[in-house]
Amino acid sequence: MTASALRGTSHRATRPVSPYETAKRATDVVVSAAALVVAAPIGAAIAWRVHREDRGPVIFRGLRVGRGGRTFHILKFRTMTVGADQLGLHVTPGDDPSLTGAGRFLRRWKLDELPQLVNVLLGDMSLVGPRPPTVWDADHYDDEQRHLLDVRPGITDWASIRYRNQDTMIEGRADPHAAYFDLIRPGKMDLALAYLRHRSYAVDLGILGLTALALVHYPRTDELLQRMVTSVRARV
């Protein structure tokens, strides 16, 4: 399936915007705008470091599939050597030689994701929601998984917390793509679909709280995540 063919695969019906969606979008705009202002000095320091390492571009623009199957460019601080995105890899092991020194640090602390606050402000993404797939990944969606395209993709969700170290999970694998499909993708799809079925403002706030804990490497993050997912799934 091509990128253009993905349009129309979403099952999102035309309907009035719910109070939850209104509150969610308002929160996205307020929080992302405030965070961009507060994080501006950090962003400037990161930009200087990324450019200083190899004089290449600071921002990486990756093609992703968003709500309704429409493609957009996700923004990240560049973590790989210039041109690495042309090598055909759709997942990146933590030991990939194309990762820069600054890139390894940024990925460890998820600082490469900061520019996605601009995507949130523009409306391409939300703070919380299923991670936006590459066209390659979306091509492998089954009918149920295509429902993930009914909503705005997010910076974080249950799956991104659970698999926050996915780079290290596929290190040393002869075929990173096969390792991703075997070890990571099934669990990510399960959690993403569970979020889609049970999403609410309270769930979103809980995910943001867990994301904060994950960012500071709190050791009980996975335990708290499992408790939350089990509790939410048990609700009728």
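(A) Geometry of the overall build of the protein chain. Along the protein chain, the regular secondary structure elements total eleven helices and four strands. In summary, the protein chain has a C-alpha radius of gyration of 17 Å against a globular reference of 18 Å for 236 residues, a match within 12%. Along the first, second and third principal axes, the C-alpha atoms of the protein chain reach 50 × 40 × 40 Å. Looking at the protein chain residue by residue over its 236 residues, the buried ones come to 46%. In the protein chain, the proportion of contacts linking residues at least 24 apart, taken out of those at least 6 apart, comes to 70%.

(B) Just helix α3 (residues 40-54), in detail. Relative to the 21 Å expected for 15 residues at 1.5 Å per residue, α3 spans 22 Å between its end C-alpha atoms, a close match to the ideal helical length. All of the buried residues in α3 are G43, I46 and V50. Summarising the axial view, the buried residues of α3 lie within an arc of 65°, below the 170-degree limit, and thus occupy one face. Exposed side of α3, more than 90 degrees from the buried face: P41 and W48 are the residues found there. Buried residues belonging to α3 abut β2 (71-77) and α4 (101-108). The positive-phi residue at the C-terminal boundary of α3 is R55, with phi of around 65°.

(C) Focus on the nonpolar core. Membership of the largest hydrophobic core comes to 30 residues, with the highest contact counts inside it found for W158, Y195, V203, I207 and M228. Of all the secondary structure elements, the ones that give two or more residues to this core are β2, α5 (116-122), β3 (126-128), α7 (158-162), α9 (176-198), α10 (201-215) and α11 (221-233). In this structure, W158 is in contact with L191, A194, Y195, V203, I207, L225, M228, V229 and V232, ignoring residues within four places of it in sequence.

(D) Highlighting the packing of α3 against α4. Packing of α3 against α4 brings their axes to within 9 Å, and their N-to-C directions diverge by 150°. On the side of α3, the interface is formed by I46, R49, V50 and E53, while α4 contributes G101, A102 and L106. Each residue belonging to the contact of α3 with α4 can be placed in one class, and the counts come to four nonpolar, one polar and two charged.

(E) How the structure looks around unusual backbone geometry. Residue R55 is not a glycine yet carries a positive backbone phi of 65°. Positive phi, normally seen in glycine, also occurs at K110, with a value near 60°. By relative accessible area, which is 31% here, K110 ends up partly exposed.

(F) Spotlight on the side chain of T92. Mapping T92 onto the fold places it in the loop between β2 and α4. Judged by relative accessible area, which is 14%, T92 ranks as buried. Those residues in contact with T92 that sit more than four places away from it in its chain are M80, L99, R107, D167 and I170.

(G) Examining the pairing of strand β1 (residues 59-65) more closely. Looking at chain direction, β1 and β2 are connected through seven bridges and run antiparallel. When the sheet's bridge partners are listed, I59 is paired in β2 with F77.

(H) Region of the structure containing the environment of P93. As for its position among the elements, P93 is in the loop between β2 and α4. Counting along the chain gives 87 residues from P93 to Y180, while the straight-line C-alpha distance between them is 9.5 Å. What P93 contacts, discounting residues up to four positions off in sequence, is L99, D167, I170, E171 and P176.

(I) Spotlight on the side chain of R64. Relative to the helices and strands, R64 is located in strand β1. The side chain of R64 is buried and forms no salt bridge, while E113, the nearest opposite charge, is found at 7.8 Å. Aside from chain neighbours lying at most four places away, what touches R64 is R70, T71, F72, I74, K76, P132, P133 and T134.

What counts as what
- Residues numbered from 1 in each chain as written.
- Predicted model: local features only at pLDDT ≥ 70, side-chain atom pairs only at ≥ 80, totals over all residues.
- Heavy atoms only, no water.
- Helix = DSSP H or I, 4+ residues; strand = E, 2+ residues; numbered from the N terminus.
- Rg over C-alpha atoms; globule rule 2.2 N^0.38 Å.
- Buried < 20%, exposed > 50% of the residue type's maximum accessible area, 1.4 Å probe, protein only.
- Contact = heavy atoms within 4.5 Å.
- Expected span 1.5 Å × (residues − 1).
- Arc of directions from axis to C-beta.
- Core = buried A, V, L, I, M, F, W, Y, C linked by side-chain atoms within 4.5 Å.
- Axes fitted to C-alpha atoms, helices over the stretch in contact; angles between N-to-C directions.
- Nonpolar A, V, L, I, M, F, W, Y, C, P; charged D, E, K, R; others polar.
- Pairing = 2+ DSSP bridges.
- Lys, Arg positive; Asp, Glu negative; His and termini not counted.
- Salt bridge = Lys/Arg side-chain N within 4 Å of Asp/Glu carboxyl O.

Shape is all these values report; function is a separate question.
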